[in-house]
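Report on the structure
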Number of protein chains: 2
Amino acid sequence: MDQQKKNEIFTQAKTWILEAGERIKSKIDSPRSIQTKSNPNDLVTEMDQETEQFFANKIKDTYPEHYLLGEEGFGDEIEDLGGTVWIIDPIDGTMNFVHQKRNFAISIGIYHEGTGEIGLIYNVMEGILYTAKRGEGAYKNDSRLPDLSQDRPLKQSILALNTTWLIPENPYVDHKGMQELVKTLRSTRSYGSAALEFAFLAEGLLDGYLTMTLMPWDYAAGSILVREVGGIVTRADQSELDLLNKTTVLAGRSNIHEEIASEYVQLKQR
Amino acid sequence: MDQQKKNEIFTQAKTWILEAGERIKSKIDSPRSIQTKSNPNDLVTEMDQETEQFFANKIKDTYPEHYLLGEEGFGDEIEDLGGTVWIIDPIDGTMNFVHQKRNFAISIGIYHEGTGEIGLIYNVMEGILYTAKRGEGAYKNDSRLPDLSQDRPLKQSILALNTTWLIPENPYVDHKGMQELVKTLRSTRSYGSAALEFAFLAEGLLDGYLTMTLMPWDYAAGSILVREVGGIVTRADQSELDLLNKTTVLAGRSNIHEEIASEYVQLKQR
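Our focus in this paragraph is the pattern of salt bridges. With the rule as written, the count across this model stands at 32 salt bridges over all chains. Of the charged contacts, one joins Lys25(A) and Glu22(A) as a salt bridge, the two residues approaching to 3.6 Å between their closest N and O atoms. Of the two residues, Lys25(A) and Glu22(A) are both situated in helix H1 (residues 3-26); the distance of three residues between them amounts to about one turn of the helix. Of the residues examined, Lys25(A) reaches a relative accessible area of 27% and is grouped as partly exposed. Residue class for Glu22(A) comes out partly exposed when judged on its relative accessible area of 43%. One salt bridge in this structure joins Lys133(B) and Glu136(B), with 3.8 Å as the shortest N-O distance. Residues joined by salt bridges that share partners form a network here, namely Lys6(A), Glu117(A), Lys133(A), Arg134(A) and Glu136(A).

Residues and elements named next belong to chain A. Per the domain assignment, the segments making up chain A are domain 1 (3-144) and domain 2 (154-263). Taken over C-alpha atoms, the centre of domain 1 sits 21 Å from the centre of domain 2. On the side of domain 2, 23 residues touch domain 1, which itself brings 38 residues to the contact. Taken over both partners, the interface formed by domain 1 and domain 2 buries close to 2100 Å², and the fraction arising from carbon and sulfur atoms is 67%. Ionic pairing is found between Lys140 and Glu203, a salt bridge with its closest N-O pair at 2.9 Å. At the junction of domain 1 and domain 2, the tally comes to 11 residue pairs in polar contact (both at pLDDT 80 or more). Broken down by secondary-structure element, the contributors of at least two residues to the side of domain 1 that touches domain 2 are strand S3 (67-70), strand S4 (84-92), strand S5 (105-112), strand S6 (115-123), strand S7 (128-133) and strand S8 (138-140). Element by element, the count of residues in the side of domain 1 that touches domain 2 is highest for S6, at seven residues. Classifying every residue of the side of domain 1 that touches domain 2 gives 16 nonpolar, 12 polar and 10 charged.

The subject of this paragraph is the interface of chain A and chain B. Counting residues at the interface gives 41 residues for chain A, matched by 40 residues for chain B. Between chain A and chain B, the buried area comes to about 3200 Å², and carbon and sulfur atoms account for 47% of it. Per-residue buried area on chain A facing chain B is highest for His99(A), Thr163(A) and Arg186(A); these three make up 22% of the total on that side. Here chain A and chain B share four salt bridges between them.

Here we come to the packing of helix H1 (residues 3-26) of chain B against helix H2 (residues 46-62) of chain B. All names here are of chain B. Where H1 meets H2, the closest approach of the two axes is 11 Å, and the angle between their N-to-C directions is 150 degrees. Taken together, H1 and H2 sit at an angle that is classed as roughly antiparallel. As for how H1 packs across H2, the hand of that crossing is right-handed. Only Met47, Thr51, Phe54, Phe55, Lys58, Ile59 and Thr62 of H2 make contact with H1, whose side of the interface consists of Gln12, Trp16, Ile17, Glu19, Ala20, Arg23 and Ile24.

Glancing now at the relation of the copies chain A and chain B. The two copies are related by a screw motion: chain A maps onto chain B through a turn of 180 degrees and a shift of 0.0 Å along the axis, at an RMSD of 0.0 Å. Taken together, the rotation and translation relating the two chain copies correspond to the operation of a two-fold axis. In terms of C-alpha distance to the rotation axis, chain A has Ser190(A) as its closest residue, with the C-alpha 2.4 Å off the axis. Here 98% of the interface residues in chain A have copies in chain B that are interface residues too; the copies meet face to matching face.

This part covers the side chain of Ser187(A). Tracing the chain through its elements places Ser187(A) in strand S11 (residues 187-189). Polar contacts involving the side chain of Ser187(A) include one to the side chain of Arg189(A), which spans 2.9 Å. If we skip the residues at most four places from it in the chain, Ser187(A) touches Ser157(A), Ile158(A), Leu159(A) and Met95(B).

Right, let's get into H2(B). Residue and element names in this part refer to chain B. Here H2 contains 17 residues, and its C-alpha end-to-end distance of 24 Å stays within 8% of the 24 Å for a straight helix at 1.5 Å per residue. Buried-residue contacts for H2 involve H1, strand S2 (43-45), strand S3 (67-70), strand S4 (84-92), helix H3 (94-99) and strand S5 (105-112). N-capping of H2 is provided by Thr45, with a side-chain oxygen placed 3.1 Å from the backbone N of Met47.

It is generally the case that most residues other than glycine have a negative phi and that most peptide bonds are trans. Residue and element names in this part refer to chain A. In this model, Lys101 sits at a positive phi of 55 degrees, which is unusual for a non-glycine residue. Locating Lys101 in the fold gives a position in the loop between helix H3 (94-99) and S5. On the basis of relative accessible area, Lys101 is assigned to the partly exposed category, the value being 35%. Positive phi outside glycine occurs at Leu243, with the angle close to 65 degrees. By secondary structure assignment, the location of Leu243 is in the loop between strand S13 (232-234) and strand S14 (247-252).

Rules and cut-offs
- Residues numbered from 1 in each chain as written.
- Chains lettered and ligands numbered in written order.
- Predicted model: local features only at pLDDT ≥ 70, side-chain atom pairs only at ≥ 80, totals over all residues.
- Heavy atoms only, no water.
- Salt bridge = Lys/Arg side-chain N within 4 Å of Asp/Glu carboxyl O.
- Helix = DSSP H or I, 4+ residues; strand = E, 2+ residues; numbered from the N terminus.
- Buried < 20%, exposed > 50% of the residue type's maximum accessible area, 1.4 Å probe, protein only.
- Domains from an automatic or database assignment.
- Contact = heavy atoms within 4.5 Å.
- Buried area = accessible area lost by both parts, 1.4 Å probe.
- Polar contact = N/O pair within 3.5 Å; in protein donor to acceptor, adjacent residues only side chain to side chain.
- Nonpolar A, V, L, I, M, F, W, Y, C, P; charged D, E, K, R; others polar.
- Axes fitted to C-alpha atoms, helices over the stretch in contact; angles between N-to-C directions.
- Parallel < 35°, antiparallel > 145°, perpendicular 65-115°, else oblique.
- Left-handed = near helix turned anticlockwise from the far one by under 90°.
- Least-squares fit on C-alpha atoms with pLDDT ≥ 70 in both.
- Expected span 1.5 Å × (residues − 1).

As structure tokens, then:
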């Protein structure tokens, strides 16, 4: 992607994400209707839909040649990552949005010919905007985030990990490996928003993040952010992310990424 | 406790907790020495110790007849809860303090003849002070917290629960019951600070909090806060907390508290 074009799109995306955040914030205490999607705990509100519609309109008006891949279906049917694609989660952490009225984010990853060029994650209620341009580092508001230190061993590491993956019946990963991992780590955390968990990892609050079911919009921005501070992001078996399908994700400091994948993650045959 | 005295102590404690918070904040980026206590993941820093010493000096000077039970041992040897006892965790969530430089709290519970009269939890880096006086409600800064709603069933509830309790080798609780609980719940969270988890429960961000090993200073303030919004706080087997020993704790909305304890928690014989 041409540098001038990249800067222009970045500035535009930043303006829109802040505007969308203001709209959500101004209606945070309004009564809302909550629907469920794939299961009773997969929540969606009219605010998710309105926010995605907001971005869909903006992109269509300003960049009619760009594509949009969005969680709520206001975008395009996409079969490959040719051209410029905006991958958007209008509210990442909808359960937090509904139950907590905070700890959710807007996530925008912008890909050009399959390469992640721009990532933005906006922690709406805290007013913190994480941004990254490929090759130019990651930022928390106006402060550049330092590279992740690489000298903390796994036993002193904190990993974002859901309790779900320690249960035998989960269809994705052998729970015993996950239990061994928990015994090895210093601790685990769970915040309920994938985008924020990537952002916290990029900030150095977490050392890694492991999960079994993310959609492209959950990690499109976060993976760019984490890579810009020297972290590694792959599927849980260390293969490359494809950005078009539901997938496992393992993100972390480079010195623990391979160890977690090879020593603790045994994916189930599906 | 006499109302006038209670108000005076509350105001004093509030002044001190904010001052202690400022001291921590001003040194948040200073290099620090980190020791471990009971195990390699039980961290303590000179800031935990300095902060407790700060409170110990203040209390001794101002209320020489009061007792202090503190995490770092600058208080008194206490065998019962007679008189007025300040139960203080100078930094609750020391691991977060060390790794994240946020998401930790100062916790102060003030008990008179065994009854919790005043609770304060200060989320230092966010500048949010949670307070409660027995019978007078709980506050987040200057806003009174509403009573917890009691109509959300367990399957729509979010519980603060560590991954540790889902592991067979944990010595406290049958892991299978915990796994069943996770399958029943809407979701779990883990923030790494017991005091903040009580505060988030009091705020309604969480529906419950279950853990197997808390010390009195971890829940002395939080339990007062949660009770003031209509929540229930007991040991995990529904027996009363004694505030002098390490214990299990189950806190939650009244409509799910009994269900969790009786249907999912099977404590191991120890």
